[in-house]
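Chain by chain, the residues:
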Amino acid sequence: MSRLNIVVPVKRVIDYAVKPRINAAKSAIETSGVKFSMNPFCEIAVEEAVRLRERHQGVVESITAVTAGYSKAQDILRPALALGADKAALIETPEITESNGLKLEPLAVAKLLRAYVERSGANMVIMGKQAIDDDSNQTGQMLAGLLGWSQATNASAVVFDPATSTVSVTREVDGGAETLSTSLPIVITTDLRLNQPRYTKLPDIMKAKKKKIETTTPADLGVDISPRLTIELLADPPKRVGGAKVESVDALVSKLKELGAI
Amino acid sequence: MAINGLRSQVAIAKNAVWLERNSTHSSTYKRLFSIAATTAAANNGHAAGTASILEFDDDVNMFRDMVSRFCQDIVQPKVREMDEAEKMDPEIITAMFGNGLMAIETPEEYGGTGASFTAAISIVEELAKTDPSVSVCNDVHNTLVNTCIRKWGSEDLKSRYLPQMATSKLGAFALSEPSSGSDAFALKTRARKLKDGGYVIDGGKMWITNGAEAEIFVVFANLAPENGYKGITAFVLEKPWGVKVVKKEHKLGIRASSTAVIAFDEVHVPASNLLGKEGAGYKIAIECLNEGRIGIAAQMAGLAQGAFNRAVSYVYNDRKQFGKFVGEFQGMQFQIAQAATEIEAARLMLYNAARIKDNGGDFVKEAAMAKLYASQVAEKVASQAVEWMGGVGFTREEVLEKYFRDSKIGSIYEGTSNIQLQTIAKLVQKRYTN
């Protein structure tokens, strides 16, 4: 019977309820005075790890929450510990602050996580499918590729069989739902309907203070995190203008030609 | 920190230096000095080293986040129906217990969270932004009943009741009677001591918050009326022993919070359920109510903020007249600015009072001022918020008018505004009399 050693990467992002604005210099998203919290998909990931522990008594050895960023990124490790993670780790990148967060690209994060996961002896990674700030939906897939592990992304249901060490993941795809069955080790990325995270109980928030948070750096992990991309321009999406109704297909085609769309 | 606290810090430091120079036991005193310094740094809910009283530490911020979500998901959908039905949904009370919201200051060994008073009232404030009725239910249970038992209960009482009150049983504080409100110590409920050491309680109480749902009651009764208020004694009663809910009031505001007339008809109380000492009831009541004042101030500040948030969002995002959002007219802007200033002032006063209390200082004046002012601000801002939202604000469907009705109780319960003014005046007079 296999034991599970789970790593849950989490990301600190601008709270989902806040409307992001571009700063005056049009160089970055405005972050001063803005509320930050854990990426909603990451919360679902922590919740899923905790549920696995509850569903299969004695199978889950440990759940570690890990994040990368400058020291403020630690703010979301405490909520992860309060939700049920046993310990946490911060991969400290002092040069990446709130205001230039886009400089830490998915490939760099995947490399950092690969190094961390290999060091930690984990055999399962559960993480959010994408972060709500850049909506990349890349890190999980890249991580699986770098590790050479199975991957099951956009999970809407996860079933683990301890006896056979098989993981069945149902995914929401364009045509409907698809179920993959694979073995450990595995990277799973979570989708919205996987679970509804619990409210953290107040006593658990206090207990989280006593749990360990370790720090490490990209240098320690032997990873170069320099960005491969330059941001040329940041702009608001163009304001929506009203459309018009057309009566026939011919009218539609001529309108489209008028607008230069075809 | 209170000036006296600071003075003693300096005294300890001076003594430590002298002793270090003059004593062979210098290492002991060095250690004591550093312990004193660390204790001074403990900020009990307030972030260390920050400039503002309104910045809280990580614990309190996390509690607030959690409660804010709880309110949005669980409380908000039910606010209107609970108000119309004049009944708290039992699921909300169960959810508050389930999430550890009902034993905030209770030590961990009794099943509580072991957090500070500032944390407890932060939660009261957050809850009130969504529903002042749910907020007062939590406030009375935590800052009055839990606190009474925690501070004055014997080890036996604490171990019997605190865990239950952390997980499932709601508490109520029974002091007021039909003929004794502000004049609390004119209470008529009698307690009689029996030969076996137990007591019999006979009488009735009125205006008891949580009265209909509570299972644990802290009851004040007079054991020796011939000694006047010095006979008043506090007891812990369980509902099955004979506490009867005679009537639930139909109120102007906080309608979902049950306010009950309760009766004790020769109810037997074992000797072990005496709270504190015989005749010490008046002291317990006064101290409890002083703390409770800050709790109500927090409820009123949350109420004001909740009404303000809703109405101001409406005037800047939803309602346009004469080609612009109504919030952009200068008349509105000035009213909004004034209200924002007053809410900030109320919050500063109440969290300052809480900080003094958490640090062991004397907070009677600050608590009275905080409650007085917060209830005034709540009434004014809630009333304005209705106006800012116009006709829509006047409809019950919008739920905003509820804040206006709820605010009225602020100047009445847990010490009327006139009583607060009197308390403050007496303290001022004392200071200014040569």
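In the block above lies the structure referred to throughout.
In what follows, the accompanying structure is described. (Residues numbered from 1 in each chain as written. Chains lettered and ligands numbered in written order. Predicted model: local features only at pLDDT ≥ 70, side-chain atom pairs only at ≥ 80, totals over all residues. Heavy atoms only, no water.)

1. Digging into the overall build of chain B
Threshold: Secondary structure follows DSSP: runs of H or I at least 4 residues long count as helices, runs of E at least 2 residues long count as strands, and numbering of each begins at the N terminus. The rule is simple: take the accessible area with a 1.4 Å probe, protein chains only, and divide by the maximum for that residue type; under 20% is buried, over 50% is exposed, in between is partly exposed. Contacts between residues were defined by any pair of non-hydrogen atoms, one from each residue, lying within 4.5 Å. Using a 1.4 Å probe, the Shrake-Rupley method yields the accessible areas, and only the shown protein chains count as cover for residues.
For chain B, the count of helices and strands is 14 helices and 10 strands. When burial is assessed residue by residue, chain B has 52% of its 434 residues classed as buried. If you take every contact in chain B between residues at least 6 apart in sequence, the share linking residues at least 24 apart comes to 73%. For chain B, the computed accessible surface area is about 19400 Å², with 53% contributed by carbon and sulfur atoms.

2. Focus on the overall build of chain A
Within chain A, the regular secondary structure consists of 7 helices and 11 strands. If one aligns the C-alpha atoms of chain A with their principal axes, the spans along those axes are about 65 × 40 × 40 Å. Taking the contacts inside chain A whose residues are at least 6 apart along the sequence as the reference set, 71% of them involve residues at least 24 apart. Within the structure as shown, chain A displays about 13800 Å² of accessible surface, and the carbon and sulfur contribution to it stands at 52%.

3. Notes on the pattern of salt bridges
Side chains that carry opposite charge are capable of pairing whenever their charged atoms lie near each other. Short version of the rule: A pair is scored as a salt bridge if a Lys or Arg side-chain nitrogen falls within 4 Å of a carboxyl oxygen belonging to Asp or Glu.
Taken as a whole, this structure holds 45 salt bridges over all chains when the rule is applied. A salt bridge links Glu48(A) to Arg55(A), with the shortest nitrogen-to-oxygen separation between them at 3.2 Å. Exposure remark for Glu48(A): the relative accessible area of 2% places this residue in the buried category. Taking relative accessible area as the criterion, Arg55(A) reaches 44% and is therefore assigned partly exposed. A salt bridge links Asp131(B) to Lys402(B); its shortest N-O distance comes to 2.8 Å. Residue Asp131(B) is located in the loop between helix H6 (117-130) and helix H7 (132-152), and its partner Lys402(B) is located in helix H13 (residues 400-407); the two are separated by 271 residues in the primary sequence. Grouping residues by exposure puts Asp131(B) and Lys402(B) together as buried. Taken together, the shared-partner salt bridges connect Arg64(B), Glu125(B), Glu126(B), Lys129(B) and Arg347(B) into one network.

4. Some words on the interface of chain A and chain B
Filter applied, for reference: Put simply, buried area is the surface a 1.4 Å probe can reach on two separate parts but cannot reach once they are joined, added for both.
With 15 residues of chain A in contact, the opposing surface of chain B contributes 22 residues. At the boundary of chain A with chain B, total buried surface from both sides reaches about 1500 Å², with 58% on carbon and sulfur atoms. Summed over the three residues of chain A that lose the most area to chain B, namely Tyr199(A), Leu202(A) and Met206(A), the buried surface amounts to 47% of that side. Taken together, the connections running from chain A to chain B amount to 5 salt bridges. For Glu43(A), the salt bridge goes to Arg69(B), with nearest N and O atoms at 2.5 Å.

5. Remarks on the nonpolar core
To keep things clear, this is the line we draw: Residues enter a nonpolar core if they are buried and are Ala, Val, Leu, Ile, Met, Phe, Trp, Tyr or Cys, with the set joined through side-chain atoms within 4.5 Å.
Grouped together as the largest cluster of nonpolar side chains are 143 residues, with contacts concentrated most on Met124(A), Phe173(B) and Phe220(B). In terms of residues, this core owes the most to one element, helix H9 (residues 281-317) of chain B, which gives 18 residues. Among all residues touching Phe220(B), those that are not within four sequence positions of it are Phe173(B), Ala174(B), Leu175(B), Leu187(B), Thr189(B), Lys205(B), Ile232(B), Thr233(B), Ala234(B), Gly281(B), Ile284(B) and Ala285(B). Membership of the second largest hydrophobic core comes to 25 residues, among which are Val7(A), Val109(A), Tyr116(A) and Ile225(A).

6. Details of helix H14 (residues 417-432) of chain B
Side chains three or four residues apart in an α-helix point the same way, a direct result of the helix having 3.6 residues per turn. All names here are of chain B. Spelled out, the test is: For a helix, the expected span equals 1.5 Å multiplied by the residue count minus one. Throughout, the arc means that of the directions going from the helix axis to the C-beta atoms.
The end-to-end C-alpha separation of H14 is 22 Å, in line with the 22 Å expected for 16 residues at 1.5 Å each. What H14 keeps buried is the set Ser-417, Gln-420, Thr-423 and Ile-424. Down the axis of H14, the smallest arc covering the buried residues is 125 degrees, so these residues share one side. Residues of H14 that are exposed and angled more than 90 degrees away from the buried face: Asn-418, Lys-426, Gln-429 and Lys-430. Contact partners of the buried residues in H14: H9 and helix H11 (364-388).

7. Examining the pairing of strand E3 (residues 199-209) of chain B
Residues and elements named next belong to chain B. For the record, the criterion: Here the rule is simple: two strands pair whenever DSSP picks up at least two bridges between them.
As paired strands, strand E2 (residues 190-193) and E3 are joined by 4 bridges and run antiparallel to one another. Within E3, the position partnered with Lys-193 by the bridge is Tyr-199. The pairing of E3 with strand E7 (residues 259-269) spans 8 bridges and is classified as antiparallel. The partner of Tyr-199 across the bridge, within E7, is Val-269.

8. Let's talk about the side chain of Asn154(A)
Here Asn154(A) shows up in strand E7 (residues 150-161). Residue contacts for Asn154(A): discarding those within four places in its chain leaves Lys129(A), Asn137(A), Thr170(A), Arg171(A), Glu172(A), Thr189(A) and Asp191(A).

9. Concerning the packing of helix H3 (residues 58-75) of chain B against helix H5 (residues 90-98) of chain B
All names here are of chain B. Rules: Note on geometry: axes are lines fitted to C-alpha atoms, helical ones only across the stretch in contact, with angles between N-to-C directions running from 0 to 180 degrees. The scheme is simple: roughly parallel for angles under 35 degrees, roughly antiparallel for over 145, roughly perpendicular for 65 to 115, oblique for anything else. Handedness of each helix crossing follows the sense of rotation of the near helix against the far helix: counterclockwise by less than a right angle gives left-handed, clockwise gives right-handed.
Contact geometry for H3 and H5: axes closest at 11 Å, N-to-C directions at 155 degrees. Taken together, the axes of H3 and H5 lie roughly antiparallel to each other. The way H3 lies across H5 gives a crossing that is right-handed. Touching Phe-70, Ile-74 and Val-75 of H3 are Ile-92, Ala-95 and Met-96, all from H5.

10. Observations concerning the packing of H9(B) against H11(B)
Residue and element names in this part refer to chain B. Taken N-terminus to C-terminus, the directions of H9 and H11 make an angle of 20 degrees; their axes are 8 Å apart at the nearest point. Looking at the two axes, H9 sits roughly parallel to H11. Considering the relative orientation of H9 and H11, their crossing is left-handed.

11. Side note on the sheet that holds E7(A)
Residue and element names in this part refer to chain A. As summarised here, the arrangement of the 9 strands in space is E9-E8-E7-E10-E6-E1-E4-E5-E11, forming an open sheet in which the pairing is mixed. The open sheet has two edge strands, strand E9 (176-183) and strand E11 (213-216), and neither has a second partner. Strand-to-strand twist across the sheet, computed as the mean angle between neighbouring axes with direction ignored, equals 35 degrees. Pairing of strand E4 (residues 60-69) with strand E5 (residues 87-92) involves 6 bridges; the strand directions are parallel. In the sheet register, Ala-68 faces E5, and the bridge partner there is Ile-91. Contacting strand E1 (4-9), E4, E5, strand E6 (124-128) and E11, helix H3 (residues 106-120) crosses the sheet at an angle of about 155 degrees to E1. Its contacts with the sheet place helix H4 (residues 139-147) against E6, E7 and strand E10 (186-190), and it is angled at close to 180 degrees to E10.

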